[in-house]
Amino acid sequence: MASLKLEHIKKVYDKNVVAVHDFNLEIQDKEFIVFVGPSGCGKSTTLRMIAGLEDISGGTLTIGDRVVNDVEPKDRDIAMVFQNYALYPHITVYENMAFSLRLRKMSNEEVHRRVCQAAEILGITEYLARKPKNLSGGQRQRVAIGRAIVREPQVFLMDEPLSNLDAKLRNQMRAEIILLRKRIDTTFIYVTHDQTEAMTLGDRIVIMKDGYIQQVGTPQEVFEAPRNLFVAGFIGSPQMNFLKAKLVKEAGGKYSAQLYGLSVPLDEEKCAKLAAKNVGSQDVTLGIRPEHTQLVFDQTANTIEGTLRVNEMMGSELHLHVDLVDGTSVILRIPTLDLTEAQRAGLTYGSKLRFTFPEKVTHLFDPKSEESLLF
C-alpha cells in the first residue's frame with residue numbers, strides 16, 4: 001500500500017492542446033479516491049499518467065517515497081482495471097489471472113494460492129476453467145478485477161470499469177467493489193463520469209472540468225457545500241435548480257434572498273459567512289436542490305407559483321417539471337406519501353402549483369464568477 005502525491009501535474013498533447021492543468025492532490029494510504037467529471041475533462045488522462053501509460057508533461061508524481069515520472073509502468077507497482085476488461089480470449093480465466101504472475105517467474109504454488117484466493121474473494125472460483133467468451137459482462141469484469149488483485153499492488157487504478165454493464169448489474173458490481181475495498185484494504189483511484197458511483201464509492205471525490213480540478217472533498221462536503229455552479233449542477237440527480245435572485249443586506253448583519261415575490265431570510269450561519277466576506281446587496285444565483293422543495297396548497301402562503309409541464313411518476317416520489325413566470329424551468333422532487341389522492345390527481349399538465357423551500361438549504365453563487373458566496 002502507498003500514498004500518492006501529484007504536484008503541478010500537467011499534460012500537453014501535440015499542437016499545445018492542454019488536457020490537464022496544474023493538477024495538485026495528495027492521496028493517503030488506503031484511501032479510495034474517485035475522479036469524476038464529464039467526458040473530456042481529463043480524468044482518464046490523469047489516471048493514465050499515474051499508471052505510466054501517458055507521459056507527464058510537467059510536475060511531479062510520487063508513489064510512496066519515490067518519484068516515478070520516468071519509471072516504467074511495470075515498475076510502479078500498480079494494477080489497472082480497464083473499461084473493456086482487456087482479457088485474453090484464448091486462455092482460461094485461471095490463466096488470465098495467473099498471466100502477470102508467471103511473467104514474474106513466480107512459483108506455481110504461489111501463483112495457485114493467489115489466483116484461488118482472488119477468485120474466492122470475487123466469487124468466481126467456479127469459472128476458473130472457462131474462457132472469457134463463456135462469461136457474462138459482470139463475470140468478465142470480476143475476472144479483470146481478479147487479475148489486478150493477484151498482483152497485490154500498492155495502488156489499484158480503475159478506469160470506468162462498470163460503464164459497459166447494464167443498470168442492474170452496475171448497481172450490483174458497485175456494491176461488490178465497496179465490499180472488495182474492505183477486504184483488500186489498499187489504495188484505490190477510480191475514474192467515472194457517473195456521479196452516483198462517485199458519491200457511493202469515494203472517501204473523497206475529485207470533480208474535474210476542462211482539465212482543471214473544481215473541488216475536492218468527501219461526498220457529503222461536495223453535495224452540501226458545492227464550491228461553484230458547475231459542481232452544484234453536476235453533483236445530485238436531478239441537478240440543482242438555479243434561480244435569479246436579489247441578495248439583500250439588512251440591518252444587524254442579516255441577509256435575505258428575494259425572488260419571484262418571495263423573501264427568504266437566510267439562516268445565521270450563512271449570514272455570518274456573508275458578513276465575514278463583507279458581501280453587500282447584489283444579484284445572485286440561488287441554488288435549491290429538487291429534493292429540498294416543498295409543495296404548498298395554502299393559497300395565502302408566501303410561495304413561488306409555476307405551471308406544471310411534466311409529471312414523472314418515480315414510485316416513491318414525483319418529479320415535477322415546472323415553468324416559472326419568467327420562463328425558468330425547475331424540477332421538484334415530492335414524496336408521494338406527502339400527498340393526498342386529491343392532491344396527486346390535481347397535478348396535471350398546465351395546472352398551477354405553489355412551492356417553497358427551507359432557507360437553510362439554499363446555495364448562493366455570484367452570477368459572474370459562478371463561485372459560491374458561502375466559501
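Every residue gets a number counted from 1 within its own chain, in the order that chain's sequence is written. With pLDDT at 70 or above as the cut-off, local features in this predicted model cover only qualifying residues; side-chain atom pairs require 80 or more to be listed or tallied, and sums for whole chains, interfaces and linings still use all residues. As a rule here, side-chain values cover all heavy atoms of the structure and leave hydrogens and water aside.

Colleague: Is there a simple way to think about the overall build of the protein chain in this case?
Modeller: Regarding its fold elements, the protein chain presents ten helices and 20 strands. Reported as C-alpha extents along the three principal axes, the dimensions of the protein chain are approximately 80 × 50 × 40 Å. Within the protein chain, the proportion of its 375 residues that are buried is 51%. Contacts between residues were defined by any pair of non-hydrogen atoms, one from each residue, lying within 4.5 Å. Sequence-distant contacts, at least 24 apart, represent 66% of the contacts inside the protein chain between residues at least 6 apart. Positive and negative side-chain charges in the protein chain, numbering 46 and 48 respectively, have mean positions lying 4 Å apart. Strands are runs of DSSP state E lasting at least 2 residues, helices are runs of H or I lasting at least 4, and numbering of each runs from the N terminus. A 1.4 Å probe rolled over the protein chains alone gives each residue an accessible area, and that area as a share of the maximum for its type sets the label: buried under 20%, exposed over 50%, partly exposed in between. Two residue types count as positive, namely Lys and Arg, and two as negative, namely Asp and Glu; His and chain ends fall outside the count. Lys charges are placed at NZ, Arg charges at CZ, Asp charges at CG and Glu charges at CD.

Colleague: Can you help me understand the pairing of strand 14 (residues 282–288) in this one?
Modeller: A regular strand places its side chains so that they alternate between the two faces of the sheet. With five of its seven residues buried, strand 14 lies for the most part within the structure. Here strand 11 (residues 241–249) runs beside strand 14; their pairing, made up of seven bridges, is antiparallel. Counterpart to Leu243 in the pairing with strand 14 is Leu286. When DSSP finds two or more bridges between two strands, those strands count as paired. In this sheet, strand 20 (residues 363–365) lies alongside strand 14 in antiparallel orientation, the contact comprising three bridges. Paired with Thr285 across the strands is Phe365, a residue of strand 20.

Colleague: Hey, could you run me through the sheet that holds strand 18 (residues 329–335) in this one?
Modeller: Consider a sheet: its strands pair through backbone hydrogen bonds, and that pairing is either parallel or antiparallel. Pairing within the open sheet is antiparallel, and its five strands lie in the order 15-19-16-17-18. Lying at the two open borders of the sheet, with one neighbouring strand each, are strand 15 (294–296) and strand 18. Each strand of the sheet is rotated relative to its neighbour by a mean of 50 degrees, with strand direction disregarded. The pairing of strand 16 (residues 304–313) with strand 19 (residues 352–356) spans four bridges and is classified as antiparallel. Bridging across to strand 19, Glu305 finds its partner in Arg354. Every axis in this analysis is a line fitted to C-alpha atoms, fitted for helices over the stretch in contact. Angles between the N-to-C directions lie between 0 and 180 degrees.

Colleague: How should the pattern of salt bridges be read in this particular structure?
Modeller: Pairing is possible between side chains of opposite charge, provided their charged atoms come close. The salt bridge definition used is simple: a Lys or Arg side-chain nitrogen within 4 Å of an Asp or Glu carboxyl oxygen. As enumerated under the stated definition, the model contains 19 salt bridges in all. Two residues, Glu54 and Lys11, come together in a salt bridge whose shortest N-O distance is 3.6 Å. Here the residue Glu54 occupies a position in the loop between helix 1 (43–51) and strand 4 (58–63), and Lys11 occupies one in strand 1 (residues 4–13), the gap between them amounting to 43 residues. Overall, the relative accessible area of 7% leaves Lys11 in the buried class. Residues Glu54 and Arg48 are paired through a salt bridge, measuring 3.6 Å at the closest nitrogen-oxygen approach. Look at Glu54 and you get buried, because its relative accessible area is 18%.

Colleague: Explain the sheet that holds strand 14 to me, please; I cannot follow it from the model alone.
Modeller: Pairing in this open sheet of five strands is antiparallel, and the strands run 13-12-11-14-20 from one edge to the other. Across the chains shown, the open sheet's two edge strands, defined by having one partner strand only, are strand 13 (262–265) and strand 20. Ignoring which end each strand starts from, the neighbouring axes of this sheet average 40 degrees apart.

Colleague: Just to check I follow, could you spell out the nonpolar core for this structure?
Modeller: Considering soluble globular proteins, one finds that nonpolar side chains tend to be buried as a cluster. Only buried residues count toward a nonpolar core, which is a set of Ala, Val, Leu, Ile, Met, Phe, Trp, Tyr and Cys residues joined through side-chain atoms within 4.5 Å. One finds Met97, Val115, Ile145, Ile149, Ile177, Tyr190 and Ile207 to be the most contacted residues of the largest nonpolar core, which totals 48 residues. Judged by nonpolar contacts, the second largest core, of 34 residues, contains Leu286, Ile304, Phe355 and Val361.

Colleague: Explain unusual backbone geometry here, please?
Modeller: Negative phi characterises most residues that are not glycine, and trans characterises most peptide bonds. Here the bond from Ser237 into Pro238 is cis, since omega is -10 degrees, no more than 30 degrees from zero. Along the chain, Pro238 falls in the loop between helix 8 (229–234) and strand 11. Despite not being glycine, Lys15 shows a phi value in the positive range, around 65 degrees. On the secondary structure map, Lys15 appears in the loop between strand 1 and strand 2 (17–27). A positive phi is found at Lys30, a non-glycine position, where the angle reads about 70 degrees. With respect to the element layout, Lys30 can be found in the loop between strand 2 and strand 3 (32–36). Under the relative-accessibility criterion, Lys30 is labelled partly exposed at 33%.

Colleague: How should the pairing of strand 4 be read in this particular structure?
Modeller: Relative to strand 4, strand 1 runs antiparallel, the two sharing five bridges. Considered in strand 4, the bridge of Glu7 is made with Thr60. Relative to strand 5 (residues 66–67), strand 4 runs antiparallel, the two being bridged by two bridges. For Ile63, the partnering residue across the bridge sits in strand 5 and is Arg66.

None of the figures reported here should be taken as evidence of function without further support.
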